[in-house]
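# Remarks on the overall topology
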Amino acid sequence: MPRPTLPDDDLYARLGVPTDASVETIEVAWRALLRRHHPDVAGDDGLELAKRINVAHDWLTDADLRERYDRDRGLRVPGSRSVRDGAWHARGPGQAPPAPPMARTHSRAADQASAADRFIERLRTLTPTDLDRLALAEAPPIAFGATIRRFLPPDRLAALDAMESAVTANRPAAADAPAARDAIDGYATELVLGPFLDELLSEPFRGRTQERLTRGWDAAVGQPRYGPNTAAMEGLLRRIAGLDAAGVRATASTAATLSGTSAPWPGGLSADDDDGLRVSTILAARDAAEQVPAVVDAAATARARRAVARLAHLVVLRHAFPGSTFDDLTVAWRPWLLPPDPVPPRVRRPPRDR
């Protein structure tokens, strides 16, 4: 099959998206523009423009074609990938995009006004743990939200502006960290634009967009500070705070075993897989380091803080490690920071009938 001829114009400008636009942004732009310029809507005058819009979409949603286009136009470092899992959708001139499948069922309430009211009320009542977790949230694709504004119908644009005003008026000052603001704004965008995106995006783009917009909020708000092992982590913090000088020195001595190693994750799991656990490990490591008493010299205290940060990371992920693996990873801190698990009480069995 011959290689497609490289387009000689600006494909990004043709769709009205930035050069780092995500594939989801490109999908929204493509569908929204074809709604306006498809020959069935704009008549024969729209035929040539519709073909050019389709060409831009085909090149920019295919990983290899986009890389070639970007490289030849000097837009990116050679070898970088602009898009993942792209597909080149072959169509005839001016052909309409395939219709999205039936809208997927979302967790948001059907009544958007009620859902928005609940969201704003929750925003007013964020707890210290909510705020700490939001400050570490994974940022949603803000460029996506900014770019698609130009494709919104007037009613959706007005609704989004109203939501942004309500968020600004009700967001606590403590939620002013960039990551927290982005996570809040991403969730608000999905809440308002969900039905609009349902119409424009097919899978997997729709599901991926929803997950990216809501991931930071969902991983932060209403979650235990240290995830499923919060109780165990709280016990560890108490033991760290109660260390005497000998205990801090013993803990500091274990830092040598960490040299050059990164904090391990259980097999099949990573910080990219579970943003809630990622946030929990960061908070736990930070809180553990802060609990080390300053009862020895600064150098030993710093080593002890590094050691307990690693232990806290492991305790947060304890449920996902095989028992023997967890024991091997934490043996250096036993028993003064990690005492043996309590022996479960024996269950009295009723005597057998003779």
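Cut-offs and rules
Residues numbered from 1 in each chain as written. Predicted model: local features only at pLDDT ≥ 70, side-chain atom pairs only at ≥ 80, totals over all residues. Heavy atoms only, no water. Helix = DSSP H or I, 4+ residues; strand = E, 2+ residues; numbered from the N terminus. Contact = heavy atoms within 4.5 Å. Areas by Shrake-Rupley, 256 points an atom, 1.4 Å probe, with all protein chains shown as cover. Buried < 20%, exposed > 50% of the residue type's maximum accessible area, 1.4 Å probe, protein only. Phe/Tyr/Trp six-rings, centres within 6.5 Å; stacked < 30°, edge-to-face > 60°. Salt bridge = Lys/Arg side-chain N within 4 Å of Asp/Glu carboxyl O. Core = buried A, V, L, I, M, F, W, Y, C linked by side-chain atoms within 4.5 Å. pLDDT = per-residue confidence, 0-100.

With that settled, the discussion passes to the overall build of the chain. In terms of regular secondary structure, the chain is built from 16 helices and zero strands. In the chain, the share of contacts with a sequence separation of at least 24, taken over all contacts with a separation of at least 6, comes to 77%. As displayed, the chain has an accessible area near 18,300 Å², and 54% of this comes from carbon and sulfur atoms.

In this section: the environment of Thr19. Note on placement: Thr19 falls in the loop between helix H1 (11-15) and helix H2 (23-37). Since its relative accessible area comes to 35%, Thr19 is described here as partly exposed. Residues Thr19 and Leu75, spaced 56 residues apart in sequence, show a C-alpha to C-alpha distance of 7.6 Å.

What follows covers the packing of aromatic side chains. Under the definition given, this model contains five aromatic pairs. Among the aromatic residues, those joined into a cluster by ring pairs are Tyr12, Trp59 and Tyr69.

Now for the pattern of salt bridges. Taken as a whole and assessed by the stated rule, the structure comprises 25 salt bridges. Among the salt bridges present, the one from Arg212 reaches Glu24, with a minimum N-O distance of 2.9 Å. Remark: Glu24 occurs in helix H2 and Arg212 occurs in helix H11 (residues 205-220); sequence separation between them is 188 residues. Using a relative accessible area of 2% as the deciding quantity, one classes Glu24 as buried. The salt bridge involving Glu190 is made with Arg206; its shortest N-O contact spans 2.8 Å.

Next up on the list: the environment of Pro178. Here Pro178 lies in helix H10 (residues 178-200). For Pro178, a relative accessible area of 52% corresponds to the exposed category.

Next up on the list: the nonpolar core. Counting 53 residues, the largest nonpolar core has Leu15, Phe119, Leu134, Met163 and Leu197 as its most contacted members. No other element matches H10, which puts 10 residues into this core. Apart from residues no more than four positions distant in its own chain, Leu197 is found in contact with Val28, Phe144, Ile148, Glu190, Arg206, Thr209 and Leu213. The next biggest cluster of nonpolar side chains, apart from the first, holds 32 residues, and it includes Met233, Leu237, Val248 and Ala288.

For the rest of this paragraph, the subject is the confidence of the model for the chain. Here the chain averages 84 in pLDDT, while 82% of its residues score no lower than 70. Note on residues 77-109: pLDDT under 50 across the span, and 79 contacts to partners over four residues away in sequence or across chains. Scored below 50 in pLDDT, residues 343-350 shows zero contacts in the model against residues more than four places distant or in partner chains.

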